[in-house]
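This is what each chain is made of:
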Amino acid sequence: KPSPRDQLEARVNMSDNPGMMGEAYFVGKRQLLDWINSFLGLNYTKVEQTASGSAHCQILDAIFPGKVPLSRVNFDAKYDYEFVKNFKVL
């Protein structure tokens, strides 16, 4: 009878675990911005606009509903110290 480790290795297919060379790691910033804009209904035109952390908070709240206290997120953050507070919410 195969060991549990052997059974696990038999189930893992290389196509399921592409590692660092998977195509998901080679997505352009335009494509990422388009996804963020469509997912969150935003109008970001530059990657730098995501620096405030508010989009990160909204994405994680969508994945884990109710786990991110969005009331503590500063959606109008403009300065680094405000960005840091948003990331601390995560």
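In this text the structure is predicted, and so the values were computed from the model without any measurement.

Draft legend 1. Structural context of the side chain of Glu 82. One can find Glu 82 in helix α4 (residues 80–89). One buried charged residue, Glu 82, remains without a salt bridge, the closest side chain of opposite sign being Lys 78 at 7.1 Å. A polar atom in the side chain of Glu 82 sits 2.7 Å from the backbone nitrogen of Lys 78. Setting aside anything within four residues of it in sequence, one finds Glu 82 in contact with Asn 74 and Ala 77.

Draft legend 2. Main features of the nonpolar core. In terms of nonpolar packing, the biggest core is built from six residues, these being Leu 33, Ile 36, Leu 40, Tyr 44, Ala 55 and Ile 59. Residue assignment for this core shows that the elements contributing at least two residues are α2 (29–40) and α3 (54–63). For this core, the element with the most residues is α2, which contributes three residues. Non-local contacts of Ile 36, meaning those with residues more than four positions away in its chain, are made with Gly 41, Leu 42, Tyr 44, Thr 50, Ala 55 and Ile 59.

Draft legend 3. Spatial organisation of the pattern of salt bridges. Applying the stated rule across the entire model yields one salt bridge. A salt bridge links Arg 30 to Asp 34; its shortest N-O distance comes to 3.4 Å. Of this pair, Arg 30 and Asp 34 are both found in helix α2, four residues apart, which corresponds to roughly one turn of the helix.

Draft legend 4. Broad picture of the confidence of the model for the chain. Per-chain confidence: the chain averages 85 in pLDDT, with 76% of residues scoring 70 or above. Per-element mean pLDDT across the chain ranges from 58 in helix α1 (residues 4–11) up to 97 in α4.

Draft legend 5. Fine view of α3. Along α3, the residues that are buried comprise Ser 54, Ala 55, Cys 57, Ile 59 and Asp 61. On its buried face, α3 is in contact with α2 and α4.

Draft legend 6. Focus on α2. The end-to-end C-alpha distance of α2 is 16 Å, a good match for the 16 Å that twelve residues give at a rise of 1.5 Å each. Looking only at α2, the buried set comprises Leu 33, Ile 36, Asn 37 and Leu 40. Looking straight down α2, one finds that the buried residues subtend no more than 95° of arc, so they occupy a single side. Residues of α2 that are exposed and angled more than 90 degrees away from the buried face: Gln 31 and Ser 38.

What counts and how
- Residues numbered from 1 in each chain as written.
- Predicted model: local features only at pLDDT ≥ 70, side-chain atom pairs only at ≥ 80, totals over all residues.
- Heavy atoms only, no water.
- Helix = DSSP H or I, 4+ residues; strand = E, 2+ residues; numbered from the N terminus.
- Buried < 20%, exposed > 50% of the residue type's maximum accessible area, 1.4 Å probe, protein only.
- Lys, Arg positive; Asp, Glu negative; His and termini not counted.
- Salt bridge = Lys/Arg side-chain N within 4 Å of Asp/Glu carboxyl O.
- Polar contact = N/O pair within 3.5 Å; in protein donor to acceptor, adjacent residues only side chain to side chain.
- Contact = heavy atoms within 4.5 Å.
- Core = buried A, V, L, I, M, F, W, Y, C linked by side-chain atoms within 4.5 Å.
- pLDDT = per-residue confidence, 0-100.
- Expected span 1.5 Å × (residues − 1).
- Arc of directions from axis to C-beta.

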